[in-house]
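# Structural characterization, general
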Amino acid sequence: MKKLHIVGNWKMSLNKQDSIDLANKIKSISKKEYLNIEVAPTSLYVDHIVKILEESDVNVISQNFDYENLGSYTGGVCLDQLKEIGITKTILGHSERRSKFNESDDQVNKKLETVLNSELDVIFCFDSYEQVPFELIKNNLKNNDNLKLILAYEPTWAIGTGETASIDHIEEIHTKVKNTLTECSLENIPILYGGSVNPSNSREILSSANVDGVLVGGASTKFDQLLGIVNSI
Ligand code: 13P
């Protein structure tokens, strides 16, 4: 069975105590050989959640980053700081960062270049085929054998709406992206789907061609639903 990724993006949905309670429950999830499970807490609590999940089979990742190195960037969080607290991977380019925090494609792509040349791995979100910077990836991804880069297709209209994309639609986009990756000799890059994934639809989505995992928002903030997704395969 191919390796599948289940990534929970907690966004800014949970306060401190709820994040701690959820992490304490998540500790009990044990890894299946073919599964990689990760959660991305609000940056304010990442350090705390890393410590809770330290000995567990669930990896803690970041939702975003601003710059590579320490410097005068008020309100920012840099890759060096994330690395210092044990983070090895970050999400980048989520549509909410693009639409609600005005991160332009240019800014997101510049950050992609930065992280691809850093020690951290990255999950790059896109909401259309056109948003994937294939050329930049090709020029900056030095070694694709270690899951340095994962792509995540998240159609904006499916995020938090309960309207999951149809399997046909997911397969169409994933196959189109995979074909171009293959032309660039980058066929090992996994592609996740995100948008209203829940325990009722996760099995079908995760069984689809060219789907290597799911990026889950709302359902990942409720332990029973996250566990339901993990157990659906
Ligand atoms: P929902 O699962 O709540 O639709 O959110 C998806 C998402 O944005 C994950 O990054």
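Overview of the structure. These numbers were taken from a predicted model, which means no experiment stands behind them.

So, on to the layout of surface pockets. Counted as a void, the largest pocket has a volume near 520 Å³. As for the largest pocket, its lining consists of 18 residues, of which M12, Q63, N64, R97 and F101 are closest to the centre. The element best represented in the lining of the largest pocket is helix α4 (residues 95–100), accounting for 3 residues.

As a further point, take the packing of aromatic side chains. The description of two aromatic rings rests on the distance between their centres and on the angle between their planes. All chains considered together, the criterion is met by 4 aromatic pairs. With a centroid separation of 3.9 Å and 15° between ring planes, the pair formed by Y67 and Y73 is classed as stacked. These aromatic residues form a ring-pair network of at least three members: F126, Y153 and Y193. The ring of F101 has R97 sitting right over it, with the charged end atom 3.9 Å from the ring centre.

Generally speaking, nonpolar side chains in soluble globular proteins are found buried as a group. Within the largest apolar cluster, 65 residues are counted, with the highest numbers of intra-cluster contacts made by I26, L112, F126, I137, L149, L151 and V177. Ignoring sequence-local partners within four residues, the contact set of F126 consists of Q131, V132, L151, A152, Y153, E154, I173, V177 and I191. Counting residues in each nonpolar core, the second largest holds 10 residues, with A40, I61, I91 and L215 among its members.

A separate point is the site of the ligand. Around the ligand lies a shell of 13 residues, among which K11, H94, E154, G160 and S196 are the nearest. In the environment of the ligand, an oxygen atom lies 2.7 Å from a nitrogen or oxygen atom belonging to the side chain of H94. Within the backbone of G217, one N or O atom sits 2.9 Å away from an oxygen atom of the ligand. Burial of the ligand by the protein amounts to 94% of the accessible area it has alone, namely 310 Å². Looking at the shell around the ligand residue by residue, the class counts come to 4 nonpolar, 7 polar and 2 charged.

Turning next to the environment of N140. Counting through the fold element by element, N140 comes out in helix α6 (residues 134–140). Separated by 138 residues in the primary sequence, N140 and K2 have C-alpha atoms spaced 26 Å apart. If sequence neighbours within four positions are ignored, N140 has contacts with E113, L116 and N117. A polar contact of 3.0 Å, which involves the side chain of N140, links it to the side chain of N117.

Quick notes on the rules
- Residues numbered from 1 in each chain as written.
- Predicted model: local features only at pLDDT ≥ 70, side-chain atom pairs only at ≥ 80, totals over all residues.
- Heavy atoms only, no water.
- 1 Å grid on protein atoms, 1.4 Å probe; cavity = no way out; pocket = protein on both sides within 12 Å on 5 of 7 lines; lining within 4 Å.
- Points joined across faces, edges and corners; volume = space filled by probe spheres on them.
- Helix = DSSP H or I, 4+ residues; strand = E, 2+ residues; numbered from the N terminus.
- Phe/Tyr/Trp six-rings, centres within 6.5 Å; stacked < 30°, edge-to-face > 60°.
- Lys NZ or Arg CZ within 6 Å of the ring centre and 35° of its normal.
- Core = buried A, V, L, I, M, F, W, Y, C linked by side-chain atoms within 4.5 Å.
- Buried < 20%, exposed > 50% of the residue type's maximum accessible area, 1.4 Å probe, protein only.
- Contact = heavy atoms within 4.5 Å.
- Near = heavy atom within 4 Å.
- Polar contact = N/O pair within 3.5 Å; in protein donor to acceptor, adjacent residues only side chain to side chain.
- Areas by Shrake-Rupley, 256 points an atom, 1.4 Å probe, with all protein chains shown as cover.
- Nonpolar A, V, L, I, M, F, W, Y, C, P; charged D, E, K, R; others polar.

Everything listed here is a matter of coordinates, which is why it stays silent on function.
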